[in-house]
Amino acid sequence: MTINAIQDEIIEEFELFDNWTDKYAYIVEIGKKLPDLAEEHKTEENIIKGCQSKVWMTARMEGDQAVFDADSDAIIVKGLISLLLRVLSNQTPEEIAKTDLYFMEKIGLAQHLSMTRSNGLAAMVKQIKLYAVAFQAMNA
Amino acid sequence: MEQAVNKTLDIEKIRKDFPILQTEVHGNPLVYLDNAATTQKPQVVLDALNEYYSATNANIHRGIHYLAEKATAQYEETRKAVQSFLNAERPEEIIFTRGTTEAINLVANTFGRQNVGAGDEVIISTMEHHSNIVPWQMLCEEKGATLKVIPITDKGEIIFEEYEALLSEKTKLVAVNYASNTLGTINPVKQIIEKAHAVGAKVLIDGAQATSHLTVDVQALDCDFYTLSAHKMYGPTGVGALYGKYELLDSMPPYQGGGEMIAEVSFEKTTYNVPPFKFEAGTPNIGGVVAFKAAIDYIQAIGRPTIAAYEQQLLDYATPKFAELEGLRLIGQAENKVSVLSFVFDDVHHQDLGIMLDTRGIAIRTGHHCTQPLMDRLDIPGTNRASFAIYNTEEEIDKTVEAIKGTLKMFR
């Protein structure tokens, strides 16, 4: 599936919820389901510091696709990570690098999560894009 | 005491004084429990701000026209109100700042630079806010001085003997808070000041968290400096005050250069104004300072002992209710506390709890509360903090406890 097709799919899924409690309940559920990152990967090197919670992420190439794994000490952030990975992991670095992420805004999360909270996620998106650019350079 | 409180306090009436408390957040009536960060503003403060800009606005201390004199008079009225509120000896001992942070930086950059040298020591406590840590670190780094830290117990109280052991003739300044923003602990500042004075050190009391809750008497405390923030006292943001003993202020070099703080300026030499003007360069937040008086009057009309007793009642009501929540650990169990309730659940992240309470219109604070060294000492990444003010109710506490229960279920 293309990145935009996945984004549209998520937007559609969220249209089923009519209140914030249900939206968050769903995010918590998928956060709980996201596999934990192995402790050995929760290193200073892999950390993306937010104001309130921590995010760890690893990246690797599998064939022509970039694969990301990530984890957080907070469950809601972990649920949001799960959404981000669904959109951006297992895609080619070329696609990732040029993608325009719009689903967060469309499902209302960007405005609902204040800057301090979304900082860690914004940093994570930036980091994924940096990896994509680096992977492209390595392949060139 | 409690009876007296019930008789004189009409909380429903007080709540009506605060327009924001009538609003909804995410479709729920606002429950505002982040008062240690900033309090809401009563209508009288909003009116005073509006009135100032509608009918008074002019620059102060210079103009000879009607509005300039009116603005100056109102600005100076607030100085007298703060003087009386803190029981300072003279109005000239009150310097207006942007808040506690600027007040502390002012002392570090004037008194500190003048009196702290290589090999000297500054003492703070483990439970200081970053604003009462970093300015002293910067000063010590610049001067080759050492920052010493008073340890605390697991309950969150200063270990007094350890403090006494830190004091020596090298100590030039002790800077501690009156009440901790994270733990609520009320520190024994009078004894701290006495011991510091015995070795010839000066003392700064960070009163940001105490001034709206406790009756403060700077002369009885005998502190050398005292700081406060208006926005934590039902007043506007961007306004605060530094109290300093007059002879100290008089002997200190100026803080920032500019208008207002001078006596005579020529290109060869400038002579400085007297306190407090020596420390108030530039056009201040005049409207905010004027409206701050309305906040002080508001507190005075209710009465600080009444406020303290009511907030204690809320804390005493909330503490056991919260403690019953499964897996809750209270952070900060000092004997004497202001109305701050910090807690953690080892299996539920504070950010998750904070976000879910927010969806129900309940505002608490989560995180390290700008006290990272304290979090390190307690070995936790952050806490959930509910802090109460005069307009909070037992119903709001019940509602919050129920909301936490629901949230815990979701995460467990």
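See above for the structure.
Presented here is a report on the structure given in the accompanying data block. The model shown is predicted, which means the values in this text are computed figures rather than measured ones.

### Points about helix H12 (residues 304-323) of chain B
Consideration 1: A rise of 1.5 Å per residue sets the reference length of H12(B), with its 20 residues, at 28 Å; its end C-alpha atoms lie 28 Å apart and thus fit the reference within 8%.
Consideration 2: Along H12(B), the residues classified as buried are B:Arg304, B:Thr306, B:Ile307, B:Ala309, B:Tyr310, B:Glu311, B:Gln313, B:Leu314, B:Leu315, B:Ala318 and B:Phe322.

### A closer look at the packing of helix H5 (residues 100-115) of chain B against helix H6 (residues 134-143) of chain B
All names here are of chain B.
Consideration 1: Direction vectors running N to C along H5 and H6 enclose 25 degrees, while the axes themselves pass 9 Å from each other. The orientation of H5 relative to H6 falls into the category roughly parallel. The two elements H5 and H6 meet at a crossing, and its hand is right-handed. Residues Ile-104, Asn-105, Val-107, Ala-108, Gly-112 and Arg-113 of H5 lie in contact with H6, whose contacting residues are Pro-135, Trp-136, Leu-139, Glu-142 and Lys-143.

### Here we look at unusual backbone geometry
Excluding glycine, residues mostly have negative phi values, and the peptide bonds linking residues are mostly trans.
Residue and element names in this part refer to chain B.
Consideration 1: Looking along the chain, the bond that leaves Pro-275 and enters Pro-276 is cis, with omega of 5 degrees.
Consideration 2: Relative to the helices and strands, Pro-276 resides in the loop between strand S12 (270-272) and helix H11 (286-302).
Consideration 3: The backbone phi angle of His-61 is positive, close to 70 degrees, even though this residue is not glycine.
Consideration 4: Along the chain, the position of His-61 falls in the loop between helix H3 (43-55) and helix H4 (66-86).
Consideration 5: Phi at Asp-222 is positive, roughly 65 degrees, even though this residue is not glycine.
Consideration 6: Checked against the element boundaries, Asp-222 lands in the loop between helix H9 (218-221) and strand S9 (225-229).

### Observations regarding the sheet that holds strand S2 (residues 54-62) of chain A
Residue and element names in this part refer to chain A.
Consideration 1: Taken together, three strands build an open sheet; the order of strands is S1-S2-S3 and the sheet is antiparallel. The open sheet has two edge strands, strand S1 (47-49) and strand S3 (65-72), and neither has a second partner. Sheet twist, expressed as the mean angle between neighbouring strand axes with direction ignored, is 30 degrees.
Consideration 2: As paired elements, S1 and S2 share three bridges and run antiparallel to each other. Residue pairing across strands places Ile-48 opposite Val-55, the latter belonging to S2.
Consideration 3: Packed onto the sheet, helix H3 (residues 75-88) meets S2 and S3 and runs at close to 175 degrees relative to S3.

### Section: the packing of aromatic side chains
Residue and element names in this part refer to chain B.
Consideration 1: Tallied over the full model, the rule gives 18 aromatic pairs over all chains.
Consideration 2: Between Tyr-75 and Phe-96, the ring centres sit 5.1 Å apart and the planes meet at 65 degrees, which makes this aromatic pair edge-to-face. Taken as a pair, Tyr-75 in helix H4 and Phe-96 in strand S4 (residues 94-97) lie far apart in primary sequence, 21 residues in all. In this pair, the class of Tyr-75 matches that of Phe-96, namely buried.
Consideration 3: Ring plane angle 85 degrees and centroid distance 6.5 Å describe the contact between Tyr-178 and Tyr-226, whose orientation is recorded as edge-to-face. With Tyr-178 in the loop between strand S7 (171-177) and helix H8 (189-198) and Tyr-226 in strand S9, this residue pair connects regions lying 48 residues apart in the sequence.
Consideration 4: Residue classification places Tyr-226 among the buried positions, given a relative accessible area of 0%.

Cut-offs used in this document
- Residues numbered from 1 in each chain as written.
- Chains lettered and ligands numbered in written order.
- Predicted model: local features only at pLDDT ≥ 70, side-chain atom pairs only at ≥ 80, totals over all residues.
- Heavy atoms only, no water.
- Helix = DSSP H or I, 4+ residues; strand = E, 2+ residues; numbered from the N terminus.
- Expected span 1.5 Å × (residues − 1).
- Buried < 20%, exposed > 50% of the residue type's maximum accessible area, 1.4 Å probe, protein only.
- Axes fitted to C-alpha atoms, helices over the stretch in contact; angles between N-to-C directions.
- Parallel < 35°, antiparallel > 145°, perpendicular 65-115°, else oblique.
- Left-handed = near helix turned anticlockwise from the far one by under 90°.
- Contact = heavy atoms within 4.5 Å.
- Pairing = 2+ DSSP bridges.
- Phe/Tyr/Trp six-rings, centres within 6.5 Å; stacked < 30°, edge-to-face > 60°.

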